[in-house]
Amino acid sequence: QWGAGVMLALVAIWHGRLWSRLAVLIYTLALGGFWLNRQYSTDHVIRLLSGQGLLSGSIAGICLLLGVPLVILLLGNIYCGYLCPFGALQELVGLIVPKRFKMRLSLATITAGRFIKYAMLFVLVVVFFTTGSKRFLDVDPLTLFFNRQFWMESFPASPALLIAIAALVTALVVTRLWCRYLCPTGAFLSLFNLAGWLGRFLPAKKFGRCEFGLGGRDHLDCIHCDRCRCESPLIPTRDEAIAKAAAAPHGSRAST
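Note that this is a predicted model, so its numbers are computed, not measured.

Undergrad: Is there a simple way to explain helix 11 (residues 159-170) in this structure?
TA: Every α-helix carries 3.6 residues per turn, so stepping three or four residues along brings you back to the same face. Here helix 11 spans 17 Å end to end across 12 residues, near enough to the 16 Å set by a 1.5 Å rise per residue. Contact partners of the buried residues in helix 11: helix 6 (85-94), helix 9 (141-144), helix 10 (148-153) and helix 12 (177-182).

Undergrad: Is there a simple way to explain the pattern of salt bridges in this structure?
TA: Any two side chains of opposite charge can pair, on the condition that their charged atoms come close. According to the stated counting rule, one finds 12 salt bridges in the structure shown. As a salt-bridge pair, Arg 229 and Asp 226 come within 3.4 Å of each other at their nearest N and O atoms. On the basis of relative accessibility, which here comes to 13%, the residue Arg 229 falls in the buried class. One continuous salt-bridge network, built from bridges that share partners, spans Arg 21, Glu 91, Arg 176, Glu 211 and Arg 227.

Undergrad: Sorry, what's going on with the nonpolar core here?
TA: One recurring pattern in soluble globular proteins is that nonpolar side chains are buried together. By size, the foremost hydrophobic cluster in this structure holds 53 residues, and its most contacted members are Tyr 40, Val 68, Ile 78, Tyr 79, Tyr 82, Phe 86 and Leu 189. Mapped by element, the contributors of at least two residues to this core are helix 1 (2-15), helix 2 (18-35), helix 4 (59-75), helix 5 (78-83), helix 6, helix 8 (116-131), helix 11 and helix 13 (184-191). Each residue touching Phe 86, except ones within four places of it in the same chain, is listed here: Pro 141, Leu 142, Phe 145, Phe 146, Ala 164, Ala 167, Leu 168 and Trp 178. Leu 105, Val 174, Leu 177 and Ile 242 belong to the second largest nonpolar core, which has six residues in total.

Undergrad: How should I be thinking about the environment of Trp 178 in this particular structure?
TA: Looking at the secondary structure, you find Trp 178 in helix 12. The sequence separation of Trp 178 and Tyr 40 amounts to 138 residues, and the corresponding C-alpha distance is 14 Å.

Undergrad: Is there a simple way to explain the packing of aromatic side chains in this structure?
TA: Here the distance between the centres and the angle between the planes together describe a pair of aromatic rings. Inspection of the entire model under this criterion finds seven aromatic pairs. Ring geometry for Tyr 40 versus Tyr 79: centroids 6.2 Å apart, planes at 65°, classification edge-to-face. A residue pair is termed long-range when its members are at least 10 positions apart, and Tyr 40 in the loop between helix 2 and helix 3 (42-50) and Tyr 79 in helix 5 qualify at 39 residues. Each member of the pair, Tyr 40 as well as Tyr 79, carries the same accessibility label: buried. With a centroid separation of 5.1 Å and 80° between ring planes, the pair formed by Phe 128 and Phe 129 is classed as edge-to-face. Its relative accessible area of 6% is what places Phe 128 among the buried residues. Put simply, the rings of Phe 34, Phe 86, Phe 145 and Phe 146 pair up and form one aromatic cluster. Stacked on the ring of Tyr 82, the Lys or Arg Arg 21 has its end atom at 4.7 Å from the ring centre.

Scoring rules and cut-offs
Residues numbered from 1 in each chain as written. Predicted model: local features only at pLDDT ≥ 70, side-chain atom pairs only at ≥ 80, totals over all residues. Heavy atoms only, no water. Helix = DSSP H or I, 4+ residues; strand = E, 2+ residues; numbered from the N terminus. Expected span 1.5 Å × (residues − 1). Contact = heavy atoms within 4.5 Å. Salt bridge = Lys/Arg side-chain N within 4 Å of Asp/Glu carboxyl O. Buried < 20%, exposed > 50% of the residue type's maximum accessible area, 1.4 Å probe, protein only. Core = buried A, V, L, I, M, F, W, Y, C linked by side-chain atoms within 4.5 Å. Phe/Tyr/Trp six-rings, centres within 6.5 Å; stacked < 30°, edge-to-face > 60°. Lys NZ or Arg CZ within 6 Å of the ring centre and 35° of its normal.

Below is the structure:
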């Protein structure tokens, strides 16, 4: 599933059409989410940073734990863009609401907001290495949302359900809000984005159309969703998605 997903993502990237991207997202959601419940989460982040259980578990689990960072080192963060089940679900839910009804945030708000996920990652890492506790994993929707046992037995008592529902509802008007601003797992994987050694062989991003306000130098925060390359009435352009700053009054001057 993991290897096939990478290959399908690469095909969609080269094809550069919205329908091929949506096909990969549906595959990711159905197979990696609802069927196998196999996605990168804060549990994988902590295991990788602490060196605990790196080679324990199934072969598929080990490939996910070590393979995702390796692929990002080579190609850039195509995991967040194409292969994260919860990210795929957010994006597909977001297509329900036409783009003219989406919330338009200012560029300053977008730029400031995308650092929140790094702050959350820092706090989680400090808490773990200070206390040794993994209790915070209970609030990660990536850990529990696709877990059928969780839904059948204990979901009313878990804050992860409320967080996941809030993220999905908000995704109706703010595309992939969890991925862009709040996901500590995505923040961790974005750090590998600095390499992307083979990324130069992939089609170039059109940052001038990026609805998330990224520019050519913002490689760290690019989730490689390639929405900037999908010219479709369903995908807002940069100008359509970002609120313009209020113009200064005509003839006004700075005080001296």
